[in-house]
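Take a look at the letters that make up each chain.
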Amino acid sequence: MDRALPLADIREIQVTDVVAVLTLDRETADDYPGDVATAHDPLTPAGATPTTTHRGWGAFTSHGQLVAMTFADIAQDVTETDFTVVDRGWRHRGLGSAVKAACLLALSDEGHVDFRTGGSSDNPASIAANRAVGYELDEEWLSYAPGDRPGDQRA
Ligand SMILES: CC(C)(COP(=O)(O)OP(=O)(O)OC[C@H]1O[C@@H](n2cnc3c(N)ncnc32)[C@H](O)[C@@H]1OP(=O)(O)O)[C@@H](O)C(=O)NCCC(=O)NCCS
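Here's what I pulled together on the structure shown here. (Residues numbered from 1 in each chain as written. Predicted model: local features only at pLDDT ≥ 70, side-chain atom pairs only at ≥ 80, totals over all residues. Heavy atoms only, no water.)

1. What to know about the site of the ligand
Logical step 1: With respect to spatial proximity, 22 residues lie near the ligand, and among them His92, Gly94, Gly96, Ser97 and Asn123 are the closest.
Logical step 2: The backbone of Thr84 places a nitrogen or oxygen atom 2.8 Å from a nitrogen atom of the ligand.
Logical step 3: At 2.8 Å from an oxygen atom of the ligand is found a main-chain nitrogen or oxygen belonging to His92.
Logical step 4: The protein chains hide 72% of the 920 Å² of surface that the ligand would expose on its own.
Logical step 5: Those elements giving two or more residues to the shell around the ligand turn out to be strand 4 (79–86), helix 2 (95–109) and helix 3 (124–132).
Logical step 6: When residues in the shell around the ligand are grouped by element, the largest group, six residues, is from helix 3. (Near = heavy atom within 4 Å. Polar contact = N/O pair within 3.5 Å; in protein donor to acceptor, adjacent residues only side chain to side chain. Areas by Shrake-Rupley, 256 points an atom, 1.4 Å probe, with all protein chains shown as cover. Helix = DSSP H or I, 4+ residues; strand = E, 2+ residues; numbered from the N terminus.)

See below:
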């Protein structure tokens, strides 16, 4: 978080930020590695609008540009990260970890205790950001796809 603070203002995303959320989402739509278990569908205006159970934290530059964001779904028993993304030009500078940390800190302060998140094994930045804010790996999912049958000679 300390690394990110000189770069951007980290704060909760408001309803008035919806256009910025949709813009960053659109610009990064092709950037999610992995398969069905970690896929991210493009946001609709409704999906980009924070509610009491779908809240987001973002990093805003001094010019007010949203360059990183994370959204979490808050249920009674557990809070689950929906997605986290950073503008391509701002990656690897601590902002992904910072918005995740801001989300965890704010919701912990409000009394939430159980948090879950996901990350594809072919997405080292995502796995590292999760570790950086304290998540522990407790389960792994495998994605299967149809393949050639044994003995099938086709290339
Ligand atoms: C995943 C993502 C959000 C990480 O954001 P970021 O701001 O680049 O990450 P940070 O700078 O906070 O770095 C977090 C950790 O990842 C490491 N990291 C960052 N980029 C990395 C890379 N390309 N390869 C390996 N490690 C990387 C950092 O060293 C850091 O580790 P550390 O805390 O041990 O030093 C960003 O890469 C992104 O937007 N990717 C596309 C969308 C996506 O895949 N989202 C995740 C699934 S929802």
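Structure shown, so let's carry the discussion forward.
2. Regarding the packing of aromatic side chains
Logical step 1: In the structure shown here, the tally under the stated rule is one aromatic pair.
Logical step 2: Here the aromatic rings of Phe71 and Phe83 are separated by 5.6 Å at their centres, their planes lie at 20 degrees, and the arrangement is stacked. Placement of Phe71 in strand 3 (residues 66–74) and of Phe83 in strand 4 is noted, with a sequence separation of 12 residues between them. You'll find Phe71 and Phe83 in the same group, each marked buried. (Phe/Tyr/Trp six-rings, centres within 6.5 Å; stacked < 30°, edge-to-face > 60°. Buried < 20%, exposed > 50% of the residue type's maximum accessible area, 1.4 Å probe, protein only.)

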